[in-house]
Amino acid sequence: MLGWRFRLGLAIAALMLLQGCASLKGPDPTDPLEPLNRQVTAFNDVADDLVLRPVAVIYGQYLPTVVRKGIGNFFSNQSDVLSFFNSLAQLKLEKAAKNAMRVGINSTLGLGGIIDWASELKIDKHKEDFGQTLAFWGVSSGPYVVLPFFGPSTVRDSFGLYVDIKTDVNQQLADQGSRNFLTVLRLTDRRERYLNLSDAVRQASLDPYTFTRDAYLQKRLNDIFDGNPPMLDDFDDPDKPAPMAAPNQPGTSISPESLPKAPLPIKP
């Protein structure tokens, strides 16, 4: 069902990598492909208005809160599995242990993750994805891109998204119908949870595209540095741009131009 979307997204990401990495000249060095990104954003907005948002509204209106909570917990438990492996890959052993405990408790006592007993037991959730793993090992983010259907990303995070989805627990099911159903349910649940936020961005922002871009880059910066990103004063040469890279790799830093200009309510 999603195979063509992945191929289209990766093709666009590859095009952006070839076109955008050659030069970062322009009004915003983090977004050299802004004209193309705005066109993809407009396409995504139309698709959201026609399909995704109406389905999410119906989902939220007619499904009881307790059921939606259980569905969200179920998918959150699956994301903890990926977080466990990515934590290991980033040598974050304590976080990996906590993620493993969460999966073990919620998958058994929590009836497959429907009940989040781990959070009740104060076992914190530590979300890690493959894009963060690539950043940990020094892979540059590349230009900001907007993927069809998937939205804000970077070249590095686009590849990370592909790996995360292909290795997701749901994608390992043998029955394609079950995989497709769970994928649609997951997307609908996620879209419903962000209804208020997306509406607020559209109403409060003079330019929702710019706000979303800056917010995404800030969130990714926060994710990579585990909530403690460097300040401008930490840069060796604030006037020399450098790619967003790993916090523990020698000789790497973050470009001041990559720091966002708008705040983001970061949600785990």
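Residues numbered from 1 in each chain as written. Predicted model: local features only at pLDDT ≥ 70, side-chain atom pairs only at ≥ 80, totals over all residues. Heavy atoms only, no water.

Considerations on the overall build of the chain
Going by this rule: Strands here mean DSSP runs of E at least two residues long; helices mean DSSP runs of H or I at least four residues long; both are numbered from the N terminus. Working definition: with a 1.4 Å probe on protein chains only, accessible area under 20% of the residue-type maximum means buried, over 50% means exposed, and in between means partly exposed. Any pair of residues with heavy atoms lying within 4.5 Å of one another is described as a contacting pair. Note on areas: Shrake-Rupley, 1.4 Å probe, and residue coverage restricted to the protein chains presented here.
A count of helices and strands for the chain gives 10 helices and two strands. Across the 268 residues of the chain, 42% fall into the buried class. The long-range share in the chain, meaning contacts at least 24 apart out of those at least 6 apart in sequence, stands at 65%. A total accessible area of about 14600 Å² is found for the chain, and carbon and sulfur atoms account for 64% of it.

Structural notes on the packing of aromatic side chains
Heads up, the rule is: Only centres within 6.5 Å qualify two rings of Phe, Tyr or Trp (six-membered ring in Trp) as a pair; their planes then separate them into stacked at under 30 degrees, edge-to-face at over 60, and tilted for everything else.
For the coordinates displayed, the defined rule picks out seven aromatic pairs. Centre to centre, the rings of F84 and F85 are 5.1 Å apart; their planes meet at 65°, and the pair counts as edge-to-face. Here F85 falls in the exposed class, since its relative accessible area comes to 53%. By way of ring pairs, the aromatic residues Y144, Y209 and Y216 are connected into one cluster.

Focus: the packing of helix α2 (residues 34-62) against helix α10 (residues 208-224)
Angle between the axes and distance between the axes are the two parameters that describe a pair of packed helices. Using the following cut-off: Angles here are taken between N-to-C directions and fall from 0 to 180 degrees, while the axes themselves are lines fitted to C-alpha atoms, restricted in helices to the stretch in contact. Roughly parallel means an angle under 35 degrees; roughly antiparallel, over 145; roughly perpendicular, 65 to 115; everything else is oblique. Amino acids outside the nonpolar list (Ala, Val, Leu, Ile, Met, Phe, Trp, Tyr, Cys, Pro) and the charged list (Asp, Glu, Lys, Arg) are all regarded as polar, and Gly is one of them.
At a minimum axis distance of 11 Å, the contact between α2 and α10 shows a crossing angle of 105°. As the angle between them shows, α2 and α10 are arranged roughly perpendicular. Side by side, α2 and α10 meet where E34, N37, R38 and T41 of the first sit next to Y209, T210 and R213 of the second. The class makeup of the residues in the contact of α2 with α10 is one nonpolar, three polar and three charged.

Looking at a nonpolar patch on the surface
Put simply, the test is: Surface patches are drawn from residues lacking salt bridges whose relative accessible area is over 30%; two like charges belong together within 9 Å, two nonpolar side chains (Val, Leu, Ile, Met, Phe, Trp, Tyr) within 5 Å. A pair is scored as a salt bridge if a Lys or Arg side-chain nitrogen falls within 4 Å of a carboxyl oxygen belonging to Asp or Glu.
A cluster of nonpolar residues, L109, L111, I114, I115, W117 and L121, forms a patch on the protein surface that exposes about 610 Å² of accessible area. By the secondary structure assignment, I115 is in the loop between α4 (93-108) and α5 (117-120). Residue classification places I115 among the partly exposed residues on the basis of a relative accessible area of 34%.

Here we look at the pattern of salt bridges
For the structure shown, the criterion picks out 22 salt bridges. Of the charged contacts, one joins R191 and D48 as a salt bridge, the two residues approaching to 2.7 Å between their closest N and O atoms. Of this pair, R191 sits in helix α8 (residues 176-193) while D48 sits in helix α2, and the two are 143 residues apart along the sequence. Both residues of the pair, R191 and D48, count as buried. A salt bridge links K92 to D226; the nearest nitrogen and oxygen atoms lie 3.0 Å apart. Placement of the pair is K92 in the loop between α3 (65-89) and α4 and D226 in the segment after α10, with a sequence separation of 134 residues.

A word on the nonpolar core
The cut-off we apply is this: Here, nonpolar core refers to any group of buried Ala, Val, Leu, Ile, Met, Phe, Trp, Tyr and Cys residues whose side-chain atoms link them within 4.5 Å.
V40, Y144, V146, Y209, Y216 and L217 together form the largest nonpolar core, which totals six residues. Elements that contribute at least two residues to this core include exactly β1 (144-147) and α10. A total of three residues in this core trace back to one element, the largest contributor, which is α10. Those residues within four positions of V40 in sequence are excluded, and the remaining contacts are V146, L147 and P148.

Focus: the confidence of the model for the chain
As a reminder of what qualifies: Per-residue confidence from the predictor is given as pLDDT, running between 0 and 100.
Per-residue pLDDT for the chain averages 82, and the proportion of residues at 70 or more is 76%. Within the model, the stretch residues 238-243 combines pLDDT values under 50 with 11 contacts to residues more than four positions away or in other chains. Counted against residues more than four places away or in other chains, residues 249-268, with its pLDDT under 50, gives 53 contacts.

Section: unusual backbone geometry
Here L91, not a glycine, exhibits a phi torsion of approximately 60°, which is positive. Within the fold, L91 resides in the loop between α3 and α4. Taking the relative accessible area as the measure of exposure, L91 reaches 56% and is therefore exposed. Positive phi outside glycine occurs at D226, with the angle close to 55°.

Things to note about the packing of α3 against α4
We apply this condition: A crossing counts as left-handed when the near helix is turned anticlockwise from the far one by less than a right angle, and as right-handed when that turn is clockwise.
Across the interface, α3 lies against α4 with an axial gap of 8 Å and an inter-helix angle of 155°. Classed by the angle they form, the pair α3 and α4 counts as roughly antiparallel. In this structure, the crossing between α3 and α4 has a hand that is left-handed. Across the interface between the two elements, N77, D80, V81, S83, F84, S87 and L88 from α3 touch L93, K95, A96, N99, A100, R102, V103, N106 and S107 from α4. Partitioned by chemical class, the residues of the contact of α3 with α4 number seven nonpolar, six polar and three charged.

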